[in-house]
Amino acid sequence: GIFFFKKQVEMNNKVLQQLNDIGIEGTCVTGNPACLTLGGGVSADLCVKFLNSNIEGIPVLNVSWNHFGDEGAIKIASALQNNKTVCSIEFDWNDVSAAGAASIAQSLVNNKTLLSLSLKGNKIGNDGAVAFANMLLTNQSLHSLNLSGNNISDVGVLAITNMLKTNQTLHQLNISFNEIKGNAAVELSEVIKSSKTLYAIDLRGEIDSNYVTIIAKAIINSTSLIEVDLWTSFVSHDDAQAIVDTINKNTKNKRPAKPEVMQQTLDTEREKWRDKDTSQSTLSALVKLSDHKRSVVLPAHQATTDD
């Protein structure tokens, strides 16, 4: 224990020195896995410096609330193409619209490092959603995508839904607080019902009331989902209980907490980092990103469980 703690301190000091060397001073690297937060109005250029440096030992990057806009997003997207160390990026609330989203999506087409991406609270719209859907027809490494609150409506939801029909590696999807209705809602329900690889879905907010029951029934018939969030959607008491029963059943059937593709990634990273000081933080990031728990979130008056 003492040896590991000493090695961890040495690694953290090394990382902080490398950050200082590229002009990122006075920052705090926190958590396990190690997360670097660059917020409070930092420039996109500083984020680009970090990504281009490929500093080992910081697998999680949070650059939310910097209001980069499309110009900053395009700069960061270019740096992402060459980054080999960051496994997870939070890019929330940065005033990114369709142009910036398209640039980020294009940078990830052949990316094999990034496992999790969040763009919550931007304004990518349908064009941005289509860009990410098209990217995920090729990308086989991204396992978690959060597009919550991005002014996405039926066209964007339908594009994402069609992508899910062929993509087998995206396991966590958050499209909450977007407009889900019409044919897109019907098609989404069919994908939810038939998918064998979608493990977690967040649909809070704006499901058209005419389609809540259709989606609820699809979740009830899912054999893969082990985490569901339908908060604010009116689901009947019977359907709510049936959803809880489905999640319990899927969990008890030992649907793997680490899908096979994630386990392969873990094995690859374990071999790659076996003799490096960064092994613990890198592997911890992968484990965290691939970890699922049994969870159902429904309106307060309905049945819930998260044990």
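**Q** How would you summarise the nonpolar core if you had to cite specific residues and measurements?
**A** Counting 77 residues, the largest nonpolar core has F50, F91, L117, F132 and L203 as its most contacted members. If sequence neighbours within four positions are ignored, F50 has contacts with L19, I22, I24, L36, I55, I58, L61 and V86.

**Q** Can you explain the confidence of the model for the protein chain? Please cite residues and give values.
**A** The pLDDT averaged across the protein chain works out to 82; a share of 77% of its residues lies at or above 70. When the criterion is pLDDT under 50, residues 1-7 qualifies, and its contacts beyond four places in sequence or with other chains add up to two contacts. Note on residues 303-307: pLDDT under 50 across the span, and 14 contacts to partners over four residues away in sequence or across chains.

**Q** So what about the packing of helix α8 (residues 212-220) against helix α9 (residues 237-252)? Which residues, and what values?
**A** The geometry of α8 relative to α9 is characterised by a closest axis approach of 8 Å and an angle of 30° between their N-to-C directions. The angle between α8 and α9 places the two elements in the roughly parallel class. For the crossing formed where α8 meets α9, the hand is left-handed. Residue-level contacts link T213, A216, K217, I219 and I220 of α8 to D239, A242, I243 and T246 of α9. Looking at the contact of α8 with α9 residue by residue, the classes come out as five nonpolar, two polar and two charged.

**Q** Pulling in residues and values, what's your account of the packing of helix α7 (residues 182-194) against α8?
**A** Running from amino to carboxyl end, α7 crosses α8 at an angle of 10°, the nearest separation of the two axes being 8 Å. The angle between the axes of α7 and α8 places the two elements in the roughly parallel class. On α8, the residues touching A185, L188, S189, I192 and K193 of α7 are I214, I215, A218 and I219. Residues of the contact of α7 with α8, tallied by class, amount to seven nonpolar, one polar and one charged.

**Q** How would you explain unusual backbone geometry if you had to name every residue and give the values?
**A** At N54, a position not held by glycine, the phi torsion is positive, near 50°. Relative to the helices and strands, N54 resides in the loop between α2 (44-53) and β3 (60-62). Among the residues examined, N54 registers a relative accessible area of 25% and is labelled partly exposed. The phi torsion at F177 lies on the positive side, around 55°, for a residue other than glycine. Of the residues examined, F177 reaches a relative accessible area of 31% and is grouped as partly exposed.

**Q** I'd love a proper account of the side chain of N174, names of residues and values included.
**A** If you trace the backbone, N174 turns up in strand β7 (residues 172-174). Among the polar contacts made by the side chain of N174, one reaches the side chain of S176 at a distance of 2.7 Å. Polar contacts involving the side chain of N174 include one to the side chain of D202, which spans 3.3 Å. Setting aside residues up to four positions removed in sequence, N174 forms contacts with L145, N146, L147, S148, D202 and R204.

**Q** Outline the environment of I24, supporting the account with residue identities and numerical values.
**A** Examined against the element boundaries, I24 turns out to sit in the loop between α1 (2-21) and β1 (29-30). For I24, a relative accessible area of 2% translates into the label buried. For the pair I24 and L38, spaced 14 residues apart in sequence, the C-alpha to C-alpha distance is 9.1 Å. Beyond its immediate stretch of four places on either side in the chain, I24 contacts L19, L38, L46 and F50.

**Q** Run through helix α5 (residues 125-135), naming residues and quoting values.
**A** Most of α5 sits inside the fold, with eight of its eleven residues counted as buried. Within the sequence span of α5, burial applies to G125, N126, G128, A129, A131, F132, A133 and M135. Tucked inside the fold, the buried residues of α5 contact α4 (98-107), β5 (116-118), β6 (144-146) and α6 (154-164).

What counts and how
Residues numbered from 1 in each chain as written. Predicted model: local features only at pLDDT ≥ 70, side-chain atom pairs only at ≥ 80, totals over all residues. Heavy atoms only, no water. Core = buried A, V, L, I, M, F, W, Y, C linked by side-chain atoms within 4.5 Å. Buried < 20%, exposed > 50% of the residue type's maximum accessible area, 1.4 Å probe, protein only. Contact = heavy atoms within 4.5 Å. pLDDT = per-residue confidence, 0-100. Axes fitted to C-alpha atoms, helices over the stretch in contact; angles between N-to-C directions. Helix = DSSP H or I, 4+ residues; strand = E, 2+ residues; numbered from the N terminus. Parallel < 35°, antiparallel > 145°, perpendicular 65-115°, else oblique. Left-handed = near helix turned anticlockwise from the far one by under 90°. Nonpolar A, V, L, I, M, F, W, Y, C, P; charged D, E, K, R; others polar. Polar contact = N/O pair within 3.5 Å; in protein donor to acceptor, adjacent residues only side chain to side chain.

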